[in-house]
Amino acid sequence: AINSYNGTVPFKNFVYKVAQNAVYSEIKRSQSGKNRAMYNYISFSENTEIIFKKIKSLLGEKKPEDARDVIRNNYPENENSLYKDFFSAYIEGKVGNFYVAEKYFMQIAKDHPDFWPAIFFYAVLLKEFSRDEEAKVLFTRCATLIDTYEKSGSSHLDFIADNLSVAYLYIMCLKFSN
């Protein structure tokens with residue numbers, strides 16, 4: 001269990017292990033009219049899971065460029081997709097390109113404000129940079145989102161990594177928001 005954040009590598013590893021399984025719904029964004037974003041919620045697909053497993057495998061083999069190619073080969077350049085951005089943020093965070101990861105997470109937080117997994121990992125990223133006040137705001141936001149999500153009976157974003165549950169992440173958000 002994590003009792004306090006002290007900037008150690010195990011905390012980073014924990015965060016990215018959680019991210020590995022944080023992908024259980026697909027939100028695709030299409031453009032219409034005057035570039036106004038419209039969000040079409042579609043269900044998690046096996047293809048998404050296969051793509052993510054391939055990305056994780058390639059990162060495990062220390063092949064980040066190949067992992068990026070998986071995204072390029074599965075998501076057209078002009079396609080806006082939550083998963084495309086989430087996978088990109090995941091890869092960049094995993095290989096230590098934290099500023100690039102932050103850019104992706106920031107965009108996801110703007111375009112998909114209810115996608116709490118990205119909000120959670122964005123908060124953790126800020127915590128890594130000792131940007132505690134910004135992280136607290138996001139942890140607080142994430143706790144609210146998870147609470148609403150759980151009360152609604154939703155399960156489309158449920159995931160378990162290393163015996164962790166959404167409820168445990170909620171507790172972490174509360175802890176880090178204080």
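Residues numbered from 1 in each chain as written. Predicted model: local features only at pLDDT ≥ 70, side-chain atom pairs only at ≥ 80, totals over all residues. Heavy atoms only, no water.

## Observations concerning the overall build of the protein
Put simply, the rule is: Strands are runs of DSSP state E lasting at least 2 residues, helices are runs of H or I lasting at least 4, and numbering of each runs from the N terminus. Burial status follows relative accessibility: with a 1.4 Å probe on protein chains alone, a residue under 20% of its type maximum counts as buried, one over 50% as exposed, and anything between as partly exposed. Under the convention used here, a 1.4 Å probe and the Shrake-Rupley method define accessible areas, while residue burial counts only the protein chains that appear.
Looking only at helices and strands, the protein has eight helices and three strands in total. N-terminal to C-terminal, the α/β element order of the protein is α-β-β-α-α-β-α-α-α-α-α. For the protein, with 178 residues in total, the buried portion stands at 44%. Accessible surface, the protein: about 9600 Å² in total, of which carbon and sulfur atoms supply 50%.

## A word on the nonpolar core
Just so we agree on the cut-off: Definition used in this section: a nonpolar core is a set of buried Ala, Val, Leu, Ile, Met, Phe, Trp, Tyr and Cys residues joined via side-chain atoms within 4.5 Å.
Within the largest apolar cluster, 45 residues are counted, with the highest numbers of intra-cluster contacts made by Ile55, Phe86, Phe87, Phe105, Trp116, Phe120 and Phe139. Elements represented by at least two residues in this core include exactly helix H2 (46-60), helix H3 (64-74), helix H4 (82-94), helix H5 (98-111), helix H6 (116-128), helix H7 (132-151) and helix H8 (166-176). Residue contributions to this core peak at 10 residues, all from H6.

## Some remarks on the packing of H7 against H8
The criterion, for reference: With axes taken as lines fitted to C-alpha atoms, and helix axes fitted only over the stretch in contact, angles between N-to-C directions fall between 0 and 180 degrees. The hand of a helix crossing depends on one turn: near helix anticlockwise from the far one by less than a right angle means left-handed, and clockwise means right-handed. Any two residues whose heavy atoms approach within 4.5 Å at even a single point are treated as in contact. For this classification, Asp, Glu, Lys and Arg are treated as charged, while Ala, Val, Leu, Ile, Met, Phe, Trp, Tyr, Cys and Pro are nonpolar and the rest, including Gly, are polar.
Contact geometry of H7 with H8 gives a least axis separation of 8 Å together with a crossing angle of 150°. The element H7 and its partner H8 pack so that their crossing is left-handed. Here Lys136, Phe139, Cys142, Ala143, Ile146, Asp147, Tyr149 and Glu150 of H7 come into contact with H8, specifically with Val166, Ala167, Leu169, Tyr170, Cys173, Leu174 and Phe176. Residue composition of the contact of H7 with H8, grouped by class: 12 nonpolar, no polar and three charged.

## Some details on the packing of aromatic side chains
Going by this rule: We call Phe, Tyr and Trp rings a pair once their centres come within 6.5 Å, taking the six-membered ring for Trp, and we label the pair stacked below 30 degrees between planes, edge-to-face above 60, and tilted otherwise.
Applying the stated criterion to the full structure yields 12 aromatic pairs. When the ring of phenylalanine 86 is compared with that of phenylalanine 105, the centres are 6.4 Å apart and the planes differ by 70°; the resulting orientation is edge-to-face. A residue pair is termed long-range when its members are at least 10 positions apart, and phenylalanine 86 in helix H4 and phenylalanine 105 in helix H5 qualify at 19 residues. Taking the centre distance of 5.7 Å and the plane angle of 85° together, the rings of phenylalanine 98 and phenylalanine 129 count as edge-to-face. A residue pair is termed long-range when its members are at least 10 positions apart, and phenylalanine 98 in helix H5 and phenylalanine 129 in the loop between H6 and H7 qualify at 31 residues. Judged by relative accessible area, which is 16%, phenylalanine 98 ranks as buried.

## What about the pattern of salt bridges?
For the record, the criterion: What counts as a salt bridge is simple: a side-chain nitrogen of Lys or Arg found within 4 Å of a carboxyl oxygen of Asp or Glu.
Enumeration according to the criterion identifies 10 salt bridges in this entry. With its nearest N and O atoms 2.3 Å apart, the salt bridge here joins arginine 72 to aspartate 69. Highlighted residues: arginine 72 and aspartate 69, both in helix H3, separated by three residues, approximately one helical turn. Residue aspartate 69 is classed as partly exposed on the basis of its relative accessible area, which comes to 29%. When the shortest N-O distance is used, the salt bridge between lysine 151 and aspartate 147 registers 3.2 Å. Of this pair, lysine 151 and aspartate 147 both sit in helix H7, separated by four residues, roughly a single helical turn.

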